[in-house]
Amino acid sequence: MKFSLVAETLGYMENTTKRTELTKHLVDLFKITPPEIISKVVYLLQGKLRPDHEGIEVGVAEKLAVKALSKSAGIPVTKIEHEYMKAGDFGQATATVLGQKTQTTFLKEDITVERVYDTLFKIAELKGGKSQDMKMKYISSLLNDASPVEGRFIAKIITANLRLGIADFTILDALSVAFTGTKENRPKLEHAYNVCSDLGRVASAVAGEGFESLKGFQVSVFSPVRPMLAERVKTPAEAREKMGHQFAAEYKLDGERVQIHIGNDKVVLYSRSLENITNYYPDIVEKITKSVKSGKIILEAEAVAVNEETGEFLPFQELMHRRRKHNIAKAVKEYPITVNLFDIMFVDGASCLDMTYAERRKTLERAVKEDAFSRIMPMTIVTTDDEVEDFLENAINSGCEGLMLKQLDSPYRAGARASNWLKLKREYRNELGDTLDLVIVGAFYGRGRRTGRYGALLLAAYDEDQDKYPSICKVGTGFTDESLDQIYQILSDKIVVKKDPRVDTSLEADVWFDPEIVIEIVASEITLSPIHRVAMDGIRKGSGLALRFPKFTGKIRFEKTPENSTGVKEVVTMYNSQKKVVQGEKQF
Ligand code: AMP
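Everything quoted here is computed from the prediction, not taken from an experiment.

Caption draft 1: Fine view of the layout of surface pockets. In this structure, the second largest pocket spans a volume of roughly 520 Å³. What lines the second largest pocket is a set of 17 residues, among which Met320, His321, Glu482, Gln486 and Ile556 lie closest to the centre. Those elements giving two or more residues to the lining of the second largest pocket turn out to be α15 (316–319), α19 (481–492) and β21 (551–556). By residue number, the principal contributor to the lining of the second largest pocket is α19, which donates 5 residues. Broken down by class, the residue content of the lining of the second largest pocket amounts to 5 nonpolar, 9 polar and 3 charged. Mapped onto the domain boundaries, the lining of the second largest pocket takes at least three residues apiece from domain 1 (229–429) and domain 2 (436–585).

As structure tokens, then:
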């Protein structure tokens, strides 16, 4: 299959913001894609080579890509750099340069999807001293045969700059329409995706073996399961309304969610966003197998920093010292943790997802032998509000954030935020209640003490229906000098010349970023705003929703992808629940 078909689709999609149109472009492409290579097409559309959890990344430095382009086009590096500065986008610069070159070239070999994918894969696998030369050779050979539009997207993919951000659910919708004729079947595709977290695999199955084959998707060790998420409640009474008379209350610890896969003498750990985080936690790899009786098992836990002397749980910031590439052994010693198991997804060769919570908890207790390192999450069954209050008090006193409340008779709903799991935090009682996890999309330079750093950040929520990032507030408080420096550094390689098309705001930031970094914010209230764009026109024409008195809590949520940030619907729910007390205000 010609790569130009993929490149053209990406080109159309770049100029489209309506989800229905995006889906239609994808449907047209999928219909003409041979099933043997549809997985490759799906990965490339998202600028990937494999699902994220496999950790295979192309990521060639732009400098090297510039050199490769110079070599294949026979145009000096300085000229290419000039084009790049002018266009502000390496993909566009590549297209321009190749356009100039094509005027003198007439014989060209078609480039196929297979060739692009396989070459990129080889580049991703190259490591070590001589790899730079080889990478350059591969890139220039591809660009040599590429048309401007093909070159544009190859350049974007190899430098990890394909910012279309085609969301997983848009691809699932398109697969459903292309291969079953209707969007109605998307839940079945989604189920397959939720248990394997590999869109390419789902695409191959539905295109190659047919819709029925999706039934065969089962939970298996080393394929991470998309995690179940919780809704928030403010009071035990509200929890009771949603969950009935009796439910489980567990501690909600303030650490990092870890999905632990054990099998064939191997342990692999996945984060909440399903990134492979095994390297950060050699202590879990070493110690967990001592507590687990079954050979093949998938467990979910919260890893939490602890004070080894007192056994106290420490705040999340302590644990984040473990997120480093070097000196890991030292960090393991300095920041000890415990692993607090709260769910089981697979054991004895079978999935546990369809078991009820009560059955899963029993299975977990049977499968794990606790020790000082591997603990089972404290849990109690509650029937009255007072019992919830008492357990919440205990949890807070032990250093927890609050409680997770779980329905006893409900299955594990992979990939879903549902009311079978609720989170109840202490702060919920005052002000806004919960914290929000928001994406940094822009920044404003600081003055005075903050000269040379950012004085305020522009934050956005995620609009799942539109795949957009509408702005919700500017935040300049809650930062320490240390956190300001850290954020400045982290953001330095996320800077983009032009605002990402998915970012929706009326403000002009001094600097724009790729929407990638998520931080935690508290605020006093959600208000209608003529400036910010969350739920624009949804509550009042011409107004969106904004945060009043937002403040950074000190937490950079490294474990969250921008799609995991607080959603527009959640913000609307929070807005409506604070408004319940005001008579006559419109709800939606
Ligand atoms: P939040 O990130 O505020 O939406 O809260 C959900 C997170 O709480 C999960 O992703 C886990 O990392 C964490 N957590 C802590 N304790 C538990 C628990 N007992 N059950 C489930 N999740 C927990």
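Caption draft 2: Seen up close, the domain arrangement of the chain. Considered domain by domain, the chain is made up of domain 1 (229–429) and domain 2 (436–585). Distance between the C-alpha centres of domain 1 and domain 2: 28 Å. Residue-level contacts link 12 residues of domain 1 with 13 residues of domain 2. Among the residues of domain 1 in contact with domain 2, Arg232, Arg272 and Phe316 are the three that bury the most area, contributing 42% of the side total. Joining domain 1 to domain 2, the criterion identifies 4 salt bridges. Lysine 555 serves as the salt-bridge partner of aspartate 254, at 2.8 Å between the closest nitrogen and oxygen. At the surface where domain 1 touches domain 2, the tally comes to 4 residue pairs in polar contact (both at pLDDT 80 or more). Counted by class, the side of domain 1 that touches domain 2 contains 2 nonpolar, 2 polar and 8 charged residues.

Caption draft 3: Spatial organisation of empty space enclosed by the protein. Within the structure shown, the criterion is met by 1 cavity of 30 Å³ or more. Here the largest cavity defines a volume of roughly 530 Å³. Surrounding the largest cavity, 36 residues form its lining, Lys252, Arg257, Arg272, Lys423 and Arg557 being those nearest its centre. If one sorts the elements of the lining of the largest cavity by residue count, strand β11 (residues 417–425) sits on top with 4 residues. Classifying every residue of the lining of the largest cavity by side-chain character gives 10 nonpolar, 5 polar and 21 charged. Shared between two domains, the lining of the largest cavity holds at least three residues of each, these being domain 1 (229–429) and domain 2 (436–585).

Each value, and the rule that gives it
Residues numbered from 1 in each chain as written. Predicted model: local features only at pLDDT ≥ 70, side-chain atom pairs only at ≥ 80, totals over all residues. Heavy atoms only, no water. 1 Å grid on protein atoms, 1.4 Å probe; cavity = no way out; pocket = protein on both sides within 12 Å on 5 of 7 lines; lining within 4 Å. Points joined across faces, edges and corners; volume = space filled by probe spheres on them. Helix = DSSP H or I, 4+ residues; strand = E, 2+ residues; numbered from the N terminus. Nonpolar A, V, L, I, M, F, W, Y, C, P; charged D, E, K, R; others polar. Domains from an automatic or database assignment. Contact = heavy atoms within 4.5 Å. Buried area = accessible area lost by both parts, 1.4 Å probe. Salt bridge = Lys/Arg side-chain N within 4 Å of Asp/Glu carboxyl O. Polar contact = N/O pair within 3.5 Å; in protein donor to acceptor, adjacent residues only side chain to side chain.

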